[in-house]
Amino acid sequence: MIPELGHFTLILALILAVAQTVFGLVGASTGNVRWQAAVRPAVAGQFVLLSASMGALVYAFVTFDFSVVYVASNANSALPTFYRVAALWGAHEGSLLLWGWILAAWTLAVALASRNLPEAFASRVLGVLGFVSVGFLLFTLVTSNPFERIIPAPADGRDLNPVLQDPALAIHPPILYMGYVGFAVAFAFACAAMLEGKLDQVWARWTRPWTTLAWAFLTVGIALGSWWAYYELGWGGYWFWDPVENAVFMPWLVGTALIHSLAATEKRGLFKSWTLLLSILAFSLSLLGTFLVRSGVLTSVHSFAADPTRGLFILAFLVVVIGGALALYAWRAPLLKSPAGFEPTAREAFLLYNNILLVCAAAMVLVGTLAPLIADALRQPALSVGEPWYNTMFPVFMLPLMALVAIGIHAGWKRGQLGRSRLRILLGLGIALVLGLTLVYAGYGPGKWLTPFGVVLAIWIIVSSLFDPIDRLRRKLTLPRAVVGMTIAHIGLGVGVLAISTVESYTVERDVAIAPGESVVMGRFAYRFDDLEAVEGPNYDAVRARITVLKDGKPVATLNPEQRNYWVQRQTLTEAGITSLWNMDLFAALRADVGAGRWSLRAQLRPLIDYLWYAAGLMALGGIIAATDRRYRTRPLAEEAAAAERAGASPA
Amino acid sequence: MSRRLSFAAAVAVSMMFMSLRASPVDVEAMPTPGLQQRYDDLTHELRCMQCQNQSIADSPVGLASDLRRDVREQLIAGKTDEEIRTAMVARYGNFILFRPPFRSGTAWVWIAPFLLLILGVFVTVRIVRQRARMVESDASEPDDSAEGGTSK
Amino acid sequence: MTRFLIPGLIFLLLAGVLYVGVVQSPNKSTMQSALLGKPAPAFDLPTLDDPATRITSAQLAGRPWVLNVWGTWCVECRVEHEVLMEIAGQRAVPIVGFDWKDDDDAAKEWLRQLGNPYDVVAVDKDGRASIEFGVYGAPETFFIDAHGIVQYRHVGAMTLDIWRREFLSRLPKQALP
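Engineer: Mind laying out the overall build of chain A, listing which residues take part and the relevant values?
Structural biologist: Secondary structure assignment for chain A yields 19 helices and 10 strands. At 26 Å, chain A has a C-alpha radius of gyration in line with the 26 Å of a compact globule built from 652 residues. Dimensions of chain A along its principal axes, counting C-alpha atoms only, are 85 × 75 × 55 Å. Looking at chain A alone, contacts between residues at least 24 apart form 74% of all its contacts between residues at least 6 apart.

Engineer: Give me the lowdown on the overall build of chain C, citing residues and values where you can.
Structural biologist: Looking only at helices and strands, chain C has six helices and seven strands in total. Overall, chain C shows an N-to-C arrangement of helices and strands of α-β-β-α-β-α-β-α-β-α-β-β-α. Computed over its C-alpha atoms, the radius of gyration of chain C comes to 20 Å, more than 25% above the 16 Å expected for a compact globule of 177 residues. Across its three principal directions, the C-alpha atoms of chain C cover 80 × 35 × 30 Å. Within the span of chain C, comprising 177 residues, buried residues form 38% of the whole.

Engineer: How would you summarise the interface of chain B and chain A if you had to cite specific residues and measurements?
Structural biologist: If you look at the interface, chain B gives 53 residues, while chain A gives 68 residues. Mapped onto the side of chain B that touches chain A, the elements with two or more residues apiece are strand S1 (25–26) and helix H5 (107–134) of chain B. The biggest single contributor to the side of chain B that touches chain A is H5(B), with 13 residues. Split into classes, the residues belonging to the side of chain B that touches chain A amount to 24 nonpolar, 17 polar and 12 charged.

Engineer: Go over the nonpolar core, please, and point to the residues and values.
Structural biologist: In this structure, A:Ala184, A:Ala186 and A:Val254 are the most contacted members of the largest nonpolar core, which totals 302 residues. The dominant element in this core, judged by the number of residues it contributes, is helix H13 (residues 347–377) of chain A, at 21 residues.

Engineer: Residue-level account of the domain arrangement of chain A, with values.
Structural biologist: All names here are of chain A. For chain A, the assigned domains are domain 1 (1–160) and domain 2 (508–607). Taking only C-alpha atoms, the centre of domain 1 and the centre of domain 2 are 43 Å apart. Across the contact, six residues belong to domain 1 and four residues belong to domain 2. When the residues that make up the side of domain 1 that touches domain 2 are grouped by side-chain class, the tally is three nonpolar, one polar and two charged.

Engineer: Break down the pairing of strand S5 (residues 554–559) of chain A for me, with residues and values.
Structural biologist: Judged from the five bridges that link them, strand S4 (residues 540–551) of chain A and S5(A) form a sheet pairing that is antiparallel. By the bridge assignment, A:Lys551 is partnered in S5(A) with A:Lys554.

Engineer: Describe the sheet that holds strand S5 (residues 120–124) of chain C, with residues and values.
Structural biologist: Residues and elements named next belong to chain C. Taken in spatial order, the five strands make up an open sheet running S5-S4-S3-S6-S7, and their pairing is mixed. Edge positions in the open sheet fall to S5 and strand S7 (150–155), since each of these has one partner strand only. Here the strands of the sheet are splayed against their neighbours by 20° on average, with no regard to which way each runs. Pairing between strand S3 (residues 65–70) and strand S4 (residues 95–100): five bridges, direction parallel. In the strand pairing of S4, Leu67 is matched with Val96. Those strands touched by helix H6 (residues 160–167) are S3, strand S6 (140–144) and S7, and its axis lies near 165° from that of S7.

Engineer: Which residues make up the pairing of strand S10 (residues 598–607) of chain A, and what values do they have?
Structural biologist: Strand residues, when the strand is regular, have side chains that alternate between the two faces of the sheet. Residue and element names in this part refer to chain A. Counting buried positions along S10 gives nine out of 10 residues, so the element sits mostly inside the fold. Two elements, strand S1 (residues 508–514) and S10, share seven bridges in a ladder whose sense is antiparallel. Each bridged residue has a counterpart across the sheet, and for Ile514 the counterpart in S10 is Trp599. In terms of strand pairing, strand S9 (residues 584–595) meets S10 through 10 bridges, oriented antiparallel. Across the sheet, the residue bridging to Ala588 is Ala603, located in S10. Between S9 and S10, which pair antiparallel one after the other, the connecting turn spans two residues, and Ala596 there sits at a positive phi close to 55°.

Engineer: I'd love a proper account of the packing of helix H10 (residues 243–268) of chain A against helix H11 (residues 272–295) of chain A, names of residues and values included.
Structural biologist: Residue and element names in this part refer to chain A. Direction vectors running N to C along H10 and H11 enclose 165°, while the axes themselves pass 9 Å from each other. Our classification of the angle between H10 and H11 gives roughly antiparallel. Between H10 and H11 the crossing geometry is left-handed. Looking at side-chain class alone, the contact of H10 with H11 contains 17 nonpolar, seven polar and one charged residues.

Engineer: Can you tell me about the packing of helix H12 (residues 308–332) of chain A against helix H1 (residues 6–24) of chain C, naming the residues and giving the values?
Structural biologist: At a minimum axis separation of 10 Å, H12(A) and H1(C) run at an interaxial angle of 175°. Overall, the two elements H12(A) and H1(C) adopt an arrangement that is roughly antiparallel. Within the contact between the two elements, H12(A) uses A:Pro308, A:Gly311, A:Leu312, A:Leu315, A:Leu318, A:Val319, A:Ile322, A:Gly323, A:Leu326, A:Ala327, A:Tyr329 and A:Ala330 and H1(C) uses C:Pro7, C:Gly8, C:Phe11, C:Ala15, C:Leu18, C:Tyr19, C:Val22 and C:Val23. Residue composition of the contact of H12(A) with H1(C), grouped by class: 17 nonpolar, three polar and no charged.

Engineer: Which residues make up H13(A), and what values go with them?
Structural biologist: Residue and element names in this part refer to chain A. Helix length check: H13, at 31 residues, gives a terminal C-alpha distance of 42 Å against a target of 45 Å (1.5 Å per residue), a fit within 8%. A maximum bend of about 55° is found in H13 at Leu370, where proline Pro372 lies one to four positions downstream. Here H13 lies mainly inside the structure; 29 of its 31 residues are buried.

Engineer: Tell me about unusual backbone geometry, and please be specific about residues and values.
Structural biologist: Residue A:Pro152 is reached from A:Ile151 by a cis peptide bond, and omega for that bond is 0°. As for its position among the elements, A:Pro152 is in the loop between helix H7 (119–143) and helix H8 (167–196). In this model, C:Ala138 is joined to C:Pro139 through a cis peptide bond whose omega is -5°. Tracing the chain through its elements places C:Pro139 in the loop between helix H5 (128–132) and S6.

Engineer: An account of the confidence of the model for chain A is needed here, citing residue identities and associated values.
Structural biologist: Residue and element names in this part refer to chain A. Looking at chain A, pLDDT values average 90 and 96% of them are 70 or higher. Low pLDDT (under 50) marks residues 300–305, which in the prediction has 12 contacts with non-local residues, meaning those over four places away or in another chain. Contacts of residues 648–652 to residues separated by more than four positions or lying in other chains number 11 contacts, the stretch itself having pLDDT below 50.

Engineer: Please give an account of the environment of C:Leu36 that cites residues and values.
Structural biologist: Residue and element names in this part refer to chain C. Relative to the helices and strands, Leu36 resides in the loop between H1 and strand S1 (44–46). Assessed through the 15 C-beta atoms surrounding it within 10 Å, Leu36 is described here as partly exposed. Placed 121 residues apart in sequence, Leu36 and Ala157 show a C-alpha to C-alpha distance of 20 Å.

Engineer: I'd like a description of the environment of A:Trp274, backed by residues and values.
Structural biologist: Residue and element names in this part refer to chain A. Residue position: Trp274 is located in helix H11. A tally of 21 C-beta atoms within 10 Å means that Trp274 is categorised as buried. Sequence separation between Trp274 and Leu262 is 12 residues; the distance between their C-alpha atoms is 9.4 Å.

Engineer: Before we move on, can you summarise H1(C) with the specific residues and values?
Structural biologist: An ideal rise of 1.5 Å per residue puts 27 Å on 19 residues; H1(C) measures up with 27 Å between its terminal C-alpha atoms. Against H11, H12 and H13 of chain A lie the buried residues of H1(C).

Engineer: Give a description of the environment of A:Val128 that names residues and reports values.
Structural biologist: All names here are of chain A. Within the secondary structure, Val128 sits in helix H7. Overall, the presence of 28 C-beta atoms within 10 Å leaves Val128 in the buried class. Setting aside its immediate chain neighbours within four residues, Val128 contacts Ala188, Cys191 and Ala192.

What counts, and where the lines are drawn
- Residues numbered from 1 in each chain as written.
- Chains lettered and ligands numbered in written order.
- Predicted model: local features only at pLDDT ≥ 70, side-chain atom pairs only at ≥ 80, totals over all residues.
- Helix = DSSP H or I, 4+ residues; strand = E, 2+ residues; numbered from the N terminus.
- Rg over C-alpha atoms; globule rule 2.2 N^0.38 Å.
- Contact = placed C-beta atoms within 7 Å.
- Buried ≥ 20, exposed ≤ 12 C-beta atoms within 10 Å, placed from the backbone.
- Nonpolar A, V, L, I, M, F, W, Y, C, P; charged D, E, K, R; others polar.
- Core = buried A, V, L, I, M, F, W, Y, C linked by C-beta atoms within 7 Å.
- Domains from an automatic or database assignment.
- Pairing = 2+ DSSP bridges.
- Axes fitted to C-alpha atoms, helices over the stretch in contact; angles between N-to-C directions.
- Parallel < 35°, antiparallel > 145°, perpendicular 65-115°, else oblique.
- Left-handed = near helix turned anticlockwise from the far one by under 90°.
- Expected span 1.5 Å × (residues − 1).
- Bend = angle between axes of the 7 residues up to and from the residue.
- pLDDT = per-residue confidence, 0-100.

Structure below.
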């Protein structure tokens, strides 16, 4: 009964989404005030109904209602309660429901926070969001209904995929989707502005905090996914350039470009059509990512026969939404002109360089991701594009970008006047060279040829970011949140580059066949394999190794890698044993019983890898601080819009 | 004489590790560090055909270990990296190479990103030139308080 | 004006590629073998019945034959076994089995219980011969013509439909049953 209710509220939510679209878009274009007034109630209603649907599905999971196909395929009576809730987004149907629910949540937030926007504009934004919602709810109901029943119900369920039974996974999809779907807000703002035919700097100011917030969520979501892969997949990697990862990384790259071009648009009225295009692109890539992941076009050769109807449905939706937005763009963008000029070393110019490199990098990832499909379409034999290709290509775009960040931070608007900052630039570079080269050659050893570049650039970015805030503090100037946020995010970027540079070059790895009592030596560290014990979890049994890590002969940590055997799915999983020291991770994964009392063990020392997650945290924190800057809240925005209109197109 | 020296060295080395008791064997140790490096590099760029986006170095499945054995044997037999890659492609096609070869049919994967970059640079130069000419006619004076914050 | 149309046009191109990808995704599992049109690799393996007798590629030269790679550990092989039995009953072409990385006794037991569709079973215990054929997952079935050239490879369980369409059609006419 409860699942049917959930299904029913899902249908009602779809109807409200249709109402929201029609009232919003038609109401705004005909100037019908009563229709526009109906939009917000529709948004609220939709959110409540979708929450009820989510609740119904959670209820079905928690009460083991195996007559629901989705529950039977993704849960089992032995599955712990925590994972029964998280199993909601453990597979296709539930993920889509989550997608729809998070979109409804963002829409509700926009509806509540947009009261000081002009009513017609707010209605258009909500109408566009409603249209996206219609597409996804329809897709869920028509091709992927999570409430479908199976009669008679199976006695027990097939369980949640064991690799997904992990605490990080419980929060990874919702946070990732918060970012992914959050770009829908920027997209809706762009579409509304194009429909209205009015694109001024006020528009950029409205959309900026939303975009930055979505970007912050996406950053955290990606980092969580990477962290999860690192300790759950059992071979010690943290990024594989897998299509699923690329699907979230491309929107992130374009989103990063977008939050920077929005700065130029808001501040100087520049790059308006480009910012619009990026708003469309960021969300388009989110949709494309959903398509790639959900349609199964890119999965490995061994996944037999994915259902093409799902893929075709999303593709059709993609064509309508993205195609529509781009058509709107082709119609409206030519009207946008800006009188602003800037020197090639001005801040505007650096933001432009940043944008070009980020978008080219995203395009490069897109080429790599779609290469197998393109080869297919051209009737070429299958080819693979994997990590070695990406690791060669990506730095081509990123290293120049890093250098430009380190310099561009000092550039002023319009005239650049980098000459005034010459001392800071050289001082920063000097500090970075001394620290970086010392770290590389005296600390770690030469490593790969790219490493010194990465390390020096990383430190240069960090040092460069600090000049302006320190200077402001010294001169007792106020430090607006926008500046604080930007500084923290840029420091995060530097820390991240530093972490990647060291991890890629100085990871020590040994694969050994080891028997209890033996040790594997890696530099000053030795992993001593003490013993094995059998352990039993709620839905698996496992062997757990005890490995004592010795540094210079003294014990510093104990690692407990496991090999788990999940009963229901009959899957064997390695659970890595990891201990984090301040400057490296000690990593051990138990891989297989190779007979004669020996186990194959992968032992790694991964320098600075934890700083990669800290870096993502810093970037997201910076984004959140910047998004809460006072200027987005103080003056009523509608009033400001009117003021801007009076002042014409001149920048604030 | 020299044999004796090497024996003494061996004893010294084993003394060093005494406290650590017997040392384990590397699962797939190569006889020399040079070969080991080539082995590590090669096995990381060959795809495990049964897996989803995993190299044969990282995959625990049986076929991956068979292919690692194959790579090891070919390396020891004195084959070059290129010969080993060619042999793998002859059996499994370009699909097995994570790094697409620069040949007709796959070279576009390498060229396309650079074409994009050149296009990007071209567009950037044009925009920057055009805007630089507009600096004088543009009367607006931005406040230079970094980010565009309201600090004043 | 026209330059603002470029993003839309690129997107349409992309959508075309994606469309082809979606429509073709069900057929992806039959990845083309790299050996098509090339001579089948040579092998020399012990037979399952008697490890002392060996079966070599040279013995098979001069007539078309079919190679089926299987193992008792392979689920799909169990699925296709009945089909193989029916195909073997037609006696259209000799079927050579590669028992891939398997236990000999388990394999013998399997053939005793389910019937033996193979004219000869070669034991590829360490998987070397199968690697030469570019096998990446059992079951796989190859068609090799009278000149020793690989003409077709099917990945996954054999079906009668595929057998008729892709294998029988490649036999010389007089050999058809």
